[in-house]
Amino acid sequence: MSTSQKKTARGLFTLGIATVIALTPSFTSSAAEASSRPWMNTSLSPEQRAAKLVSAMDLSQKIHMLSGTKLTGPHTPATGYIPPIPELGIPEFVQSDGPAGVRNGKNHATKFPAPLTYASSWDPAIAGLEGRVAGEEARALGTDQLYGPGFNIARNPLGGRGFEYYGEDPYLSGTMATANVKGMQSAGVIATLKHYVTNNQETSRLISNSEVPERALHEIYMKPFEMAVEQAHPGSVMCSYNSINGTHGCSNYYTLTKYLRHAWGFNGYVVTDFPASWSTEDYKNGLNVEMPQTFTSLEPAVRLALKQGRLSEKDIDARVQETLTVMFRFGIFDRTKNIHPINVDRGDTAAQKIAEQGAVLLKNQNAALPLSDKTARHIAVFGDSAKFAVGGGGSSNVKPTKTDTALDEITKRSHGAKVTYSLGTDLQKAAREAKKADTAIVFVTNLTMEAADRPTIKLLPHQNKLIEKVAAANKNTIVVVNTGGPIAMPWLNNVAAVLNMWQPGQAGGKATAALLYGDVNPSGHLTQTFPQEDGQWPANTREQFPGKPLGLKPIYSEGVFVGYRWYVANNQIPLFPFGYGLSYTTFAYGTPRLYKTSGAKNAPIKVTFTVTNTGKRAGATVPQIYIGKPSQQGIPVPPKELAGFRKIYLCPGETKTVTITVEPRQLAYWNTQADRFVVMPGLYRIYLGSNVNNTPSMVTYTVR
Ligand code: BGC
């Protein structure tokens, strides 16, 4: 098909949220079709069907499948779109962002809390719920593939897209990504792991080159992708804008083919970030689809590469077959596209639950929270984020189905208390209002976004001043933080409580009120360390982050000492450590016991202990297992690395016995000589605690 024919093939219908249309492919199976189109035989495997189809395609049709478009047009709303090839029965392939709900610039869909919020639940079921409901909505809107989850490691808290990822730990990120992919794909929608890999900054994001040592590349940055590929079998991976050690992310045989496809067994297809293909040879190195089409997949460019021997038709066949296999596997050829209104209430309820489970209670002096109907009779609320639904931008910029505000929801939930509101720009007036009230709640927020790194972790000066003024006037001052990443809290000692709601999405108001009043007990934990001040973090030189010159060459010289691995190794005390989070109840962990105190290299370790709710409210806690690997052969190892965790719900007084299994992979380090993960023999420290800096129990285990 020529480029001009390709244009005319675009287009089916433009559909709104309330439109109910059944798109029945004109190429449904029939006996005649089965003989003329053998790839429509559903008794064949997806691989067999794709192979048959590729063998029936001419070169132009194959080249057509190497790219998509982002043009808006009279077709199903999409972020990325591969037009159909009707003469072969290849249907349209509709793709949308994203990591926090369906974002295609047109449809409304549930605006979920930012991924950093739901990762902070430390509950894979919550990440799975987001995936499942977002997947169902994608199906309802005619989307076949979602560009999410995103889970690049938060290498530096200034990273602009930290809100859109899962934090600083590879094991936690891989676990959450696995659950999210499984949820999404259980709705029949292709999940896309993004952005593969070392896409850890926004400065010069299209052209930067991450210079990363091999061990850190595997242990920190590739590991969560490896986990999600092996455990959840995603249909797609999005290769990153940035280069990795001098080779473009979408042209990188090492990351895309040697590891992703060959070592990990990825059987999906690779799509570019928008746009991230630099050479027609990318299709040799492991790229399947350029999105949107720029120049490397234009028919003349591909034909020239073939002529010059830079690419072979075999390469093209292989790439097209991989893409088509995924389309067959997910039923895109066989199903009738049933576009229908999304279930707004189901989405909103899920969004609220996710926001509640991910919120982190950071301080609660003298049980200032939860608010009580008896004592909170006059509440003074301040700050602009009390009045809008905070959610992320860029690929998370979903058009919500509805929104609430914390101010309205607090007012409703207060059972007739007097609730006043002011923006807080006039500090003297704010102090007067705070003084008159029995409770003051200050909402603060900051800007985190795609395409720009944060200049500082400080809030805007007027927000810090507002908190100081209000706290000086009212000892019962509660700060509600809406942030997409760590912030500094110079006022922490002067306020009674801090509730971090992150970016809670469209139902964040209801979630905030439910948590403030204790209808829901906070149980989220930080997946990213909160530094005390600017600069107290790994990768803290200009050479490291964002890299010189102008962010073009970030040097990952901190190696594996990323996030809490760096704080612990360097005796740096942060404002709040990784894994930290309070509750309205209290918990006690029993002494951990090991089933076996030694074992072979490939043996999992089972750690058993009791957890008791020692307080008066039902709630959840997250016991965390960290390991300290033996330091041998001059290989520097972080003193503690997360190797297991479990979210446990308990009634007051209840005790549960918990067993956490630490898989051998969590004991392994990347051996650059052997080119693989290796478990060293020796003594391993196994810590149990409620955050990385609070691990009172330690047992040892010997690998023989
Ligand atoms: C972002 C991706 C996103 C794509 C499509 C790019 O700029 O980096 O995360 O999926 O745009 O919107």
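Residues numbered from 1 in each chain as written. Predicted model: local features only at pLDDT ≥ 70, side-chain atom pairs only at ≥ 80, totals over all residues. Heavy atoms only, no water.

Caption draft 1: Molecular detail of the nonpolar core. Residues Ile90, Tyr196 and Leu324 are the most contacted members of the largest nonpolar core, which totals 145 residues. Here the element with the most residues in this core is helix H8 (residues 214-232); it accounts for 10 residues. Shared between two domains, this core holds at least three residues of each, these being domain 1 (39-330) and domain 2 (585-703). (Core = buried A, V, L, I, M, F, W, Y, C linked by side-chain atoms within 4.5 Å. Buried < 20%, exposed > 50% of the residue type's maximum accessible area, 1.4 Å probe, protein only. Helix = DSSP H or I, 4+ residues; strand = E, 2+ residues; numbered from the N terminus. Domains from an automatic or database assignment.)

Caption draft 2: Looking closely at the site of the ligand. Near the ligand lie 14 residues; those nearest to it are Asp97, Arg161, His195, Tyr241 and Asp273. Asp97 has a polar side-chain atom sitting 2.5 Å from an oxygen atom of the ligand. Taken by itself the ligand offers 310 Å² of open surface, and the protein chains cover 93% of this. Tallied by class, residues from the shell around the ligand come to four nonpolar, three polar and seven charged. (Near = heavy atom within 4 Å. Polar contact = N/O pair within 3.5 Å; in protein donor to acceptor, adjacent residues only side chain to side chain. Areas by Shrake-Rupley, 256 points an atom, 1.4 Å probe, with all protein chains shown as cover. Nonpolar A, V, L, I, M, F, W, Y, C, P; charged D, E, K, R; others polar.)

Caption draft 3: Structural view of empty space enclosed by the protein. Applying the stated rule across the entire model yields eight cavities of 30 Å³ or more. Of the volumes computed, that of the largest cavity is approximately 100 Å³. Residue assignment for the lining of the largest cavity shows that the elements contributing at least two residues are helix H7 (170-186), H8 and strand S24 (641-645). Taken together, the residues of the lining of the largest cavity sort by class into five nonpolar, one polar and six charged. Each of domain 1 (39-330) and domain 2 (585-703) accounts for three or more of the residues forming the lining of the largest cavity. (1 Å grid on protein atoms, 1.4 Å probe; cavity = no way out; pocket = protein on both sides within 12 Å on 5 of 7 lines; lining within 4 Å. Points joined across faces, edges and corners; volume = space filled by probe spheres on them.)

Caption draft 4: Local environment of the sheet that holds strand S17 (residues 497-500). Within the open sheet, the six strands sit side by side as S12-S17-S16-S15-S13-S14. Their pairing is mixed. Sheet topology places strand S12 (360-364) and strand S14 (418-422) at the edges, where each strand pairs with a single neighbour. Going from strand to strand, the sheet's axes swing by 15 degrees on average, the running direction of each strand aside. Of the pairings in the sheet, the one linking strand S13 (residues 378-382) to S14 comprises five bridges and is parallel in character. By the bridge assignment for S14, Ile379 is matched with Val419. Where helix H17 (residues 508-516) meets the sheet, its contacts fall on strand S15 (439-445), strand S16 (477-482) and S17, and the angle it forms with S16 comes to roughly 145 degrees. (Pairing = 2+ DSSP bridges. Axes fitted to C-alpha atoms, helices over the stretch in contact; angles between N-to-C directions. Contact = heavy atoms within 4.5 Å.)

Caption draft 5: Broad picture of the domain arrangement of the chain. In terms of domain boundaries, the chain breaks down into domain 1 (39-330) and domain 2 (585-703). A C-alpha centroid distance of 33 Å is found between domain 1 and domain 2. Listed by partner, the interface residues are 17 residues for domain 1 and 22 residues for domain 2. Together, the buried faces of domain 1 and domain 2 total about 1,600 Å²; carbon and sulfur atoms form 55% of this surface. There are eight residue pairs in polar contact (both at pLDDT 80 or more) connecting domain 1 and domain 2. Sorting the residues of the side of domain 1 that touches domain 2 by element identifies H7, H8 and helix H9 (253-263) as the ones contributing at least two each. (Buried area = accessible area lost by both parts, 1.4 Å probe.)

Caption draft 6: Layout of a nonpolar patch on the surface. A contiguous nonpolar patch, built from Leu206, Ile207 and Trp278 and spanning about 290 Å² of accessible area, is present on the exposed surface. If you trace the backbone, Ile207 turns up in the loop between strand S5 (190-196) and strand S6 (209-210). (Patch = residues over 30% accessible without salt bridge, like charges linked within 9 Å, V, L, I, M, F, W, Y side chains within 5 Å. Salt bridge = Lys/Arg side-chain N within 4 Å of Asp/Glu carboxyl O.)

Caption draft 7: Region of the structure containing the pattern of salt bridges. On inspection of all chains with the given rule, the structure shows 36 salt bridges. One salt bridge in this structure joins Asp144 and Arg335, with 3.3 Å as the shortest N-O distance. Of this pair, Asp144 sits in the loop between helix H6 (124-140) and strand S4 (145-147) while Arg335 sits in the loop between helix H12 (313-329) and strand S11 (337-339), placing them 191 residues apart in sequence. Accessibility assignment for this pair places Asp144 and Arg335 in one class, buried. Between Lys284 and Asp315 there is a salt bridge, with its nearest N and O atoms 3.1 Å apart. Residue Lys284 is found in helix H10 (residues 282-285), and its partner Asp315 is found in helix H12; the two are separated by 31 residues along the sequence. The partly exposed category is assigned to Lys284, whose relative accessible area is 36%. One network of salt bridges, in which partners are shared, links Arg161, Glu164, Glu202, Arg205 and Glu450.

Caption draft 8: Expanded view of the environment of Tyr669. Note on placement: Tyr669 falls in strand S27 (residues 669-671). Overall, Tyr669 belongs to the buried group, its relative accessible area being 4%. In this structure, the C-alpha to C-alpha distance between Tyr669 and Val699, residues 30 residues apart in sequence, is 20 Å. In this view, Tyr669 contacts Arg215, Glu219, Lys629, Gln633, Ile635, Arg676, Phe677, Val678 and Met680; residues no more than four positions away in its chain are not counted. Separated by 3.3 Å, the side chains of Tyr669 and Asn671 make a polar contact.

Caption draft 9: Layout of the pairing of strand S30 (residues 697-703). Side chains of S30 alternate between two faces, with Ser697, Val699, Tyr701 and Val703 buried and Met698, Thr700 and Thr702 left unburied. Bridge count between strand S20 (residues 598-599) and S30: two bridges; the pairing is parallel. Within S30, the residue paired with Ser598 across the bridge is Thr702. Bridge count between strand S29 (residues 682-689) and S30: seven bridges; the pairing is antiparallel. Looking at S30, one finds that Leu683 is bridged to Thr702.

Caption draft 10: Quick look at the UniProt feature "domain: Fibronectin type III-like" (unreviewed entry) in the chain. The feature "domain: Fibronectin type III-like" (unreviewed entry), as given by UniProt, occupies residues 621-692 in the numbering adopted here. Here residues 621-692 runs as 0% helix and 50% strand, with 14 Å between its end C-alpha atoms. (UniProt positions renumbered as here; feature names shortened; annotations may be inferred.)

Caption draft 11: Molecular detail of the packing of helix H3 (residues 46-56) against H12. Between H3 and H12, the shortest axis-to-axis distance is 8 Å and the interhelical angle comes to 130 degrees. Judged by the angle between their axes, H3 and H12 are oblique. By crossing handedness, the relation of H3 to H12 is classed as right-handed. Here Pro46, Glu47, Arg49, Ala50, Ala51, Leu53 and Val54 of H3 lie close against H12, whose contacting residues are Asp317, Val320, Gln321, Leu324, Thr325, Phe328 and Arg329. Residue composition of the contact of H3 with H12, grouped by class: eight nonpolar, two polar and four charged. (Parallel < 35°, antiparallel > 145°, perpendicular 65-115°, else oblique. Left-handed = near helix turned anticlockwise from the far one by under 90°.)

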